[in-house]
Amino acid sequence: MEKNAAARPRAILAAGAGIQLLTGLPAAWGVFQQPVREAYALGEMGATAAFSVLIAAYGAGCVAGGFLQDRRGPRCAALWGAALLEAGLWGAVLLPQRAGWALALAFSLPAGLGTAFLYPAIQSCAQKWYQGRKGFATGVIGAAAGLSGAFLALFVRTLAPLWGVRGVFGALGGLSGPVCLAGAALLQDPPASARPAPGAGGGPDYAPARMLRTRQYWLCAGAVCLSTPAVLLFSPIILQLGAQRGLAEGQAVWAVVLGSAGSTAGRLLMPLLSDRLGRRPTDLLLFAASAGLSAGFAFARGWAVAWVYAGLTFCYSGLSAVLPAFSTDLFGLPHAGVNYGFLALGQSAGSLLFPLAAGALGLEAGRHWVALGAAAAGFGCIWFVKPADPKTPETQKEP
């Protein structure tokens, strides 16, 4: 029995990593963009809208998935997530070209909701098993999410010329279905006896309604929103941008690969750093770096485009990966799923508002300055974040 209990946390990390490796569609959207446009007869704005809805559905789904997880457990939420993801992938396979305008509804909405149900369920479950090393747990799972971009980029580049993008979606559905279902079946919260009671050394315990009334929630959600432009304004057009700035077609693909490598490194290393340095100082460091890189990106040419983009994905993914642990530091573990979901709404807002604003205002070159300003504002938000309850000891540094 003790042996099984000891193996459970490792099994959960392995299951979470396996699921995340196959579900990082947003990280690889740069290689999906052109095949999707051709297969569904979409313009650039139509394909970008499908990407924006995918991200927005993720943020909104985190709230619904968080409620389900907190009420029914991580296994139930993850199983629903696997089903929704499959529905989205097969919806893309079956959608005819003449109905390409419905891609956001047939694919992006269910796939975004599915990944939203899966990611918080995995992260919250892992944090409960690794309460003393939350950054480590989120880092391992987040690293797999970062690697997913490179894996899917290779997957698309290999199969799309042979089967078309519908074949890619079908192959991904056939592969991810069994992996996600098997991984979800392993998820289980630790027994009640292994969890510290709130108020007895177990840290804060904020129900969602109470959290939403705190200044700290709005500062954190604002920072999440402001972290998005540095990558999401450029991810759908990174191949085009690389070609415009001197990279050959084969070289431009490396911008996606290096971006995925940067994302992987950020998701793995930054939560580990936050265990030692603290969540808030780590986020401040990442926002400052993101602002500097956003300024440099405006002038990058040739291979510098790929390397600077990799730095931006490192910062963006590092901020995303630190968020689950930062959330539980501030608001506690008992409602971790839904509280994280409400924070992720900031990502939904940013993924919709910034691209729409950039397109409406014609900010092609100005996207870089939007990203710079947003990163500076995000730094300001985090600067003012303190423990939500002054009576609760600050838990942003862990042993």
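Per an unreviewed UniProt entry, the chain goes by the name MFS transporter and belongs to Candidatus Faecalibacterium gallistercoris. The heading Subcellular location (unreviewed entry) in the UniProt record of the chain holds the text "Cell membrane".

Draft legend 1. Fine view of the overall build of the chain. Secondary structure summary: the chain contains 15 helices and zero strands in total. With an accessible surface of roughly 15500 Å², the chain has 68% of that area assigned to carbon and sulfur atoms.

Draft legend 2. Representation of helix 6 (residues 134-186) in the model. An ideal rise of 1.5 Å per residue puts 78 Å on 53 residues; helix 6 reaches only 19 Å between its terminal C-alpha atoms. Remark: the principal bend of helix 6, roughly 120°, maps to tryptophan 163.

Draft legend 3. Region of interest: helix 12 (residues 279-297). If you check helix 12, its first and last C-alpha atoms are 26 Å apart, about what 19 residues at 1.5 Å a residue would give, namely 27 Å. Restricting attention to buried positions, one finds in helix 12 the residues Arg279, Arg280, Thr282, Asp283, Leu284, Leu286, Phe287, Ser290, Ala291, Ser294 and Phe297.

Draft legend 4. Molecular detail of the side chain of threonine 214. The topology assignment puts threonine 214 in the loop between helix 7 (208-211) and helix 8 (215-226). Among the polar contacts made by the side chain of threonine 214, one reaches the main-chain amide nitrogen of tyrosine 217 at a distance of 3.1 Å. Discounting chain neighbours no more than four positions away, the residues touching threonine 214 are Tyr206 and Phe331.

Draft legend 5. The environment of alanine 325, seen in detail. Here alanine 325 shows up in helix 13 (residues 303-331). Since its relative accessible area comes to 1%, alanine 325 is described here as buried. In this structure the C-alpha to C-alpha distance between alanine 325 and threonine 138, which are 187 residues apart in sequence, comes to 7.5 Å. In this structure alanine 325 touches Gln127, Lys134 and Arg279, once residues within four positions along its chain are discounted.

Definitions and limits used
- Residues numbered from 1 in each chain as written.
- Predicted model: local features only at pLDDT ≥ 70, side-chain atom pairs only at ≥ 80, totals over all residues.
- Heavy atoms only, no water.
- UniProt positions renumbered as here; feature names shortened; annotations may be inferred.
- Helix = DSSP H or I, 4+ residues; strand = E, 2+ residues; numbered from the N terminus.
- Areas by Shrake-Rupley, 256 points an atom, 1.4 Å probe, with all protein chains shown as cover.
- Expected span 1.5 Å × (residues − 1).
- Bend = angle between axes of the 7 residues up to and from the residue.
- Buried < 20%, exposed > 50% of the residue type's maximum accessible area, 1.4 Å probe, protein only.
- Polar contact = N/O pair within 3.5 Å; in protein donor to acceptor, adjacent residues only side chain to side chain.
- Contact = heavy atoms within 4.5 Å.

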